[in-house]
Amino acid sequence: MKYCSKQVNSLPPYLFSVFHQKKKELQEQGVDVIDLGIGAPDLPTPSFIIDRLAEEAKNPSNHKYSPYEGCLEFRQAVADFYKRHYDVKVDPDTEVLALIGSKEGIAHLISSVLDPGDGVLVPDPGYPVYQSAIHLAYGSMISLPLDEANGYMPLFSKLTKPDLQRAKLMLLNYPGNPTGAAVNLSTFKEAVEFARSEHLLIAHDSAYGLVTFDGFKAPSILQVKGAKDICVEFGSLSKSFNMTGWRIGYVAGNKDLIKSLSIVKSNMDTSQFLAIQKAAAAALNSDFSSVKENNEIYEKRMKAVLPALKEIGMDVKRSRGTFFVWAKVPEGYTSQSFTQKMLEEAGVILTPGPAFGSGGEGFIRLSLSVPSGRLEEAVQRMKKLMKGGS
Ligand SMILES: *Cc1c(COP(=O)(O)O)cnc(C)c1O
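The text that follows walks through the structure, step by step, so that each part is easy to find. (Residues numbered from 1 in each chain as written. Predicted model: local features only at pLDDT ≥ 70, side-chain atom pairs only at ≥ 80, totals over all residues. Heavy atoms only, no water.)

1. With respect to the overall build of the protein chain
Here is step 1 of the chain: A count of helices and strands for the protein chain gives 13 helices and 13 strands.
Here is step 2 of the chain: Its C-alpha radius of gyration of 21 Å places the protein chain within 12% of the 21 Å reference for a compact globule of 390 residues.
Here is step 3 of the chain: With respect to the principal axes defined by its C-alpha atoms, the protein chain has extents near 60 × 55 × 50 Å.
Here is step 4 of the chain: Contacts in the protein chain between residues at least 24 apart in sequence constitute 75% of all its contacts with a sequence separation of at least 6.
Here is step 5 of the chain: The average position of the 44 basic charges and that of the 43 acidic charges among the side chains of the protein chain differ by 1 Å. (Helix = DSSP H or I, 4+ residues; strand = E, 2+ residues; numbered from the N terminus. Rg over C-alpha atoms; globule rule 2.2 N^0.38 Å. Contact = heavy atoms within 4.5 Å. Lys, Arg positive; Asp, Glu negative; His and termini not counted. Charge placed at Lys NZ, Arg CZ, Asp CG, Glu CD.)

Okay, here's the thing in structure tokens:
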């Protein structure tokens, strides 16, 4: 491509673009395509948050630059949330930073800690943004395999000595995109212990920390004793409060890592619009009844989808969190051949597992963030195609 640096030109390919092209072609032929590849909530932002934004937007004191680290009201709301929800104490002044979405923070944290060639352990399968951010920071990705048999816990024993020697940072993500897997605090304890013995830093991506099912409460890695010595945790309002477009998230934990990130950020941006930060503070200070309502909707949708997938020979476990279903493709298919068949013959878009790393082969990701009627229509079409009738 013209005018691109070598680093930009050599970014890993965007696997979704092929599907978008095909989707457009089918739609032009009049096919009613149902997109279950969506990675954002379909539900609207709760009205109490919108009301707060409207009110704050009218206040001229919010029209100026935010402090680089975010306003105190937002950072205090994050600290209070940690205390209330996890019984973890973080100092709003030195251990919390507002972010323009957690994706921004994760990418900038990576560039703030890596020297060229430094390695980063990345969950495989995992969120593709990690890999691109490492590449743009001249780092090198080291695949951290996840153990399917044990609910996608990290397989530290699979890492080699040379890989561990060049690794500086480990990324984790539970409840995880794309697998929907969650872990208990004991797994975080093990991770912190392992990182400590290998002199690694940990960044835990908790984008789905509040999106959980069946009464399961996802732990924070900061609940592990001593975690603040080497860990930060990223949080986001995007998924839990349906605020993807608002671009607001936070990071909490080790103050030196946060300082390092804030130096990069203060040279790149000047935080988020104050009115958005204050509306997000209202969300974090709320009773989370809106979060609970959302989760119940996803849970209901999941219940409707799973039996149909099992009927067509897809091995699938209930997700404990996220709004994704991660399912094995039926016998005789690869991720690619199955997603292609579903798109061309059922008009249903699924995401092939390898879009999230080689560890995703043999799986597809199905998003529950589409209206229930459309979701049911999609699985009925899949069933009809695979079972011929019924
Ligand atoms: C959606 C998502 C994010 C990004 O969230 P923003 O706060 O909107 O930037 C981060 N991590 C994972 C795993 C996600 O799925």
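What follows continues from the structure just given.
2. Notes on helix H13 (residues 372–387)
Here is step 1 of the chain: The end-to-end C-alpha distance of H13 is 22 Å, a good match for the 22 Å that 16 residues give at a rise of 1.5 Å each.
Here is step 2 of the chain: Buried residues of H13: Leu-375, Ala-378, Val-379, Arg-381, Met-382 and Lys-383, and no others.
Here is step 3 of the chain: Downstream of H13 by a residue or two, Gly-388 has a phi angle that is positive, lying close to 60°. (Expected span 1.5 Å × (residues − 1). Buried < 20%, exposed > 50% of the residue type's maximum accessible area, 1.4 Å probe, protein only.)

3. Points about the packing of aromatic side chains
Here is step 1 of the chain: In total, this model carries 16 aromatic pairs according to the counting rule given.
Here is step 2 of the chain: When the centroid spacing of 5.8 Å and the interplanar angle of 40° are considered together, the rings of Phe-81 and Phe-288 count as tilted. With a gap of 207 residues between them, Phe-81 in helix H4 (residues 72–86) and Phe-288 in the loop between helix H10 (274–284) and helix H11 (289–311) connect regions that are remote in the sequence. When sorted by exposure, Phe-81 lands in the same class as Phe-288, which is buried.
Here is step 3 of the chain: Here the aromatic cluster, defined as three or more aromatic residues joined through ring pairs, consists of Phe-81, Tyr-82, Tyr-86, Phe-241 and Phe-288.
Here is step 4 of the chain: Just above the ring of Phe-288 sits the side chain of Arg-84; from NZ or CZ to the centre is 5.4 Å.
Here is step 5 of the chain: Above the face of the Phe-324 ring, Arg-365 is positioned so that its terminal group lies 3.9 Å from the ring centre. (Phe/Tyr/Trp six-rings, centres within 6.5 Å; stacked < 30°, edge-to-face > 60°. Lys NZ or Arg CZ within 6 Å of the ring centre and 35° of its normal.)

4. Some details on the pattern of salt bridges
Here is step 1 of the chain: Per the stated rule, a full pass over the model turns up 24 salt bridges.
Here is step 2 of the chain: Linking Asp-229 and Arg-196 is a salt bridge whose minimum nitrogen-to-oxygen distance equals 3.5 Å. Of this pair, Asp-229 sits in the loop between strand S7 (201–205) and strand S8 (231–236) while Arg-196 sits in helix H8 (residues 185–197), placing them 33 residues apart in sequence.
Here is step 3 of the chain: Assessed through its relative accessible area of 38%, Arg-196 is described here as partly exposed. (Salt bridge = Lys/Arg side-chain N within 4 Å of Asp/Glu carboxyl O.)

5. Concerning the site of the ligand
Here is step 1 of the chain: Surrounding the ligand, one finds 13 residues, the nearest of these being Ser-102, Asp-205, Ser-236, Ser-238 and Lys-239.
Here is step 2 of the chain: The separation between an oxygen atom of the ligand and a polar side-chain atom of Tyr-208 is 2.7 Å.
Here is step 3 of the chain: Burial of the ligand by the protein amounts to 95% of the accessible area it has alone, namely 390 Å². (Near = heavy atom within 4 Å. Polar contact = N/O pair within 3.5 Å; in protein donor to acceptor, adjacent residues only side chain to side chain. Areas by Shrake-Rupley, 256 points an atom, 1.4 Å probe, with all protein chains shown as cover.)

6. What to know about the sheet that holds strand S10 (residues 324–328)
Here is step 1 of the chain: With antiparallel pairing, three strands are arranged side by side in an open sheet as S10-S13-S12. Both edges of this open sheet fall to S10 and strand S12 (351–352), since each of them pairs with a single strand only.
Here is step 2 of the chain: In this sheet, strand S13 (residues 363–367) lies alongside S12 in antiparallel orientation, the contact comprising two bridges. When the sheet's bridge partners are listed, Thr-351 is paired in S13 with Arg-365.
Here is step 3 of the chain: H11 rests against S10 and S13 of the sheet, and its axis sits at about 10° to S10. (Pairing = 2+ DSSP bridges. Axes fitted to C-alpha atoms, helices over the stretch in contact; angles between N-to-C directions.)

7. Remarks on the sheet that holds strand S4 (residues 140–147)
Here is step 1 of the chain: The strand order across the open sheet built from eight strands is S2-S9-S8-S7-S6-S3-S4-S5, with neighbouring strands paired in mixed fashion. Of all the strands in the sheet, just strand S2 (96–99) and strand S5 (153–154) have a single pairing partner and so form its edges.
Here is step 2 of the chain: Two strands pair when backbone bridges link them, and S8 and strand S9 (residues 249–253) are joined in this way by five bridges, in the antiparallel orientation. The partner of Glu-233 across the bridge, within S9, is Ala-252.
Here is step 3 of the chain: Contacting S2, S8 and S9, H4 crosses the sheet at an angle of about 60° to S9.
Here is step 4 of the chain: Contacts from helix H5 (residues 102–113) reach S2, strand S6 (167–172), S7, S8 and S9, with the element oriented near 155° to S8.

8. So, the pairing of S2
Here is step 1 of the chain: Burial of the side chains of S2 extends over both faces: Val-96 and Ala-98 are buried on one face and Leu-97 and Leu-99 on the other.
Here is step 2 of the chain: Relative to S9, S2 runs antiparallel, the two being bridged by four bridges. By the bridge assignment for S9, Leu-97 is matched with Val-251.

9. Observations concerning empty space enclosed by the protein
Here is step 1 of the chain: All told, the structure shown has two cavities of 30 Å³ or more when counted by the stated rule.
Here is step 2 of the chain: Counted as a void, the largest cavity has a volume near 90 Å³.
Here is step 3 of the chain: The dominant element in the lining of the largest cavity, judged by the number of residues it contributes, is S8, at four residues.
Here is step 4 of the chain: For the lining of the largest cavity, the per-class residue count stands at seven nonpolar, five polar and one charged.
Here is step 5 of the chain: For the second largest cavity, the calculated volume is near 70 Å³.
Here is step 6 of the chain: Contributing to the lining of the second largest cavity are Pro-123, Pro-125, Gly-126, Leu-146, Tyr-152, Asn-173, Tyr-174, Gly-176, Asn-177, Pro-178 and Thr-179.
Here is step 7 of the chain: Across the lining of the second largest cavity, the residue classes break down as six nonpolar, five polar and no charged. (1 Å grid on protein atoms, 1.4 Å probe; cavity = no way out; pocket = protein on both sides within 12 Å on 5 of 7 lines; lining within 4 Å. Points joined across faces, edges and corners; volume = space filled by probe spheres on them. Nonpolar A, V, L, I, M, F, W, Y, C, P; charged D, E, K, R; others polar.)

10. Some remarks on the side chain of Ser-112
Here is step 1 of the chain: Mapped onto the secondary structure, Ser-112 falls in helix H5.
Here is step 2 of the chain: A polar contact of 2.9 Å, which involves the side chain of Ser-112, links it to the backbone oxygen of Leu-109.
Here is step 3 of the chain: When near neighbours in sequence (up to four residues on either side) are disregarded, Ser-112 contacts Ser-260, Leu-261 and Val-264.

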